[in-house]
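Each chain, written out:
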Amino acid sequence: MSLPSVNLTERLLEEVQAHRHADYPVSPWILNRWSSRSFSDRAVSDEALHTVLEAARWAPSSSNLQPWRFVVARTREERERFQAFIRPTNRLWTDRAPVLILLASHKLNANGEPNGAHAFDTGAAWGILALQAALLGLSTRAVGGFDREIARRILHVPDDVELHAVVALGYRGEKETLHESFRDREVPNSRRPLADSLIEGAWPDTAP
Ligand SMILES: Cc1cc2nc3c(=O)[nH]c(=O)nc-3n(C[C@H](O)[C@H](O)[C@H](O)COP(=O)(O)O)c2cc1C
């Protein structure tokens, strides 16, 4: 059997080697992206931020509708606005993130009809955003734990827009800077085997 051609010139990061093992060869960057919580004081340049968002822009979407919207908080005032709706447990680490990005999507197409793929497409954009960030040496972690009603009110979000996740973006910091409850969890996690997610052809017929 010939294995798929994969660019293996890049290496697995040391911290990833101990925790993540692919069942089949994939680019090391797929495994190198992981969601740390610690952030350093290093600022994220406009260029790096826009490169990360540019990557998301090129995600595939149904009929190329690009339903995603990215609400960026960078100034102290903008980040404080976000802190008002992020759940307290998440704030223990997101407060140190230099950039917060709220991922939202338009639920309707241009004719006002429901776009059934808006969430799926925005998830694809998040995946590409996170990978591009990792390629730049930046960390991302998505946060679903926030109050959507408060976010909606504070950010004047229209009714036809759904809020998905806040992404914390920045350069990784020292584990010791984290609240103690997170320090032991500041390592890459793993995945269940591919075989456990794979259905060949159809689910087994369990009808009597
Ligand atoms: C939609 C979404 C919501 C998430 N919400 C939270 C959250 O509220 N708090 C948190 O610490 N991590 C959150 N995470 C991070 C996941 O727990 C993490 O991505 C997952 O464990 C896989 O780890 P990895 O990203 O390091 O590969 C969220 C991730 C996603 C995609």
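For the structure itself, consult the block above.
This report concerns the structure included in the present document. (Residues numbered from 1 in each chain as written. Predicted model: local features only at pLDDT ≥ 70, side-chain atom pairs only at ≥ 80, totals over all residues.)

This brings us to unusual backbone geometry. Positive phi, close to 55°, is recorded for asparagine 64, a residue that is not glycine. Within the fold, asparagine 64 resides in the loop between helix 3 (46-57) and strand 1 (68-73). Take asparagine 64: there are 7 C-beta atoms within 10 Å of it, and that puts it in the exposed class. Phi is positive for glutamine 66, which is not a glycine, with a value near 50°. Its location among the elements puts glutamine 66 in the loop between helix 3 and strand 1. A residue is classified by how many C-beta atoms lie within 10 Å of it, and glutamine 66, with 19 of them, is partly exposed. (Helix = DSSP H or I, 4+ residues; strand = E, 2+ residues; numbered from the N terminus. Buried ≥ 20, exposed ≤ 12 C-beta atoms within 10 Å, placed from the backbone.)

Our focus in this paragraph is the packing of helix 3 against helix 6 (residues 118-135). Here helix 3 crosses helix 6 at 145°, and the two axes come no closer than 7 Å. The hand of the helix 3/helix 6 crossing is right-handed. Here helix 3 contributes Thr51, Val52, Leu53, Ala55 and Ala56 to the contact with helix 6, which in turn contributes Ala125, Ile128, Leu129, Gln132 and Ala133. Within the contact of helix 3 with helix 6, the residues separate by chemical class into 8 nonpolar, 2 polar and no charged. (Axes fitted to C-alpha atoms, helices over the stretch in contact; angles between N-to-C directions. Left-handed = near helix turned anticlockwise from the far one by under 90°. Contact = placed C-beta atoms within 7 Å. Nonpolar A, V, L, I, M, F, W, Y, C, P; charged D, E, K, R; others polar.)

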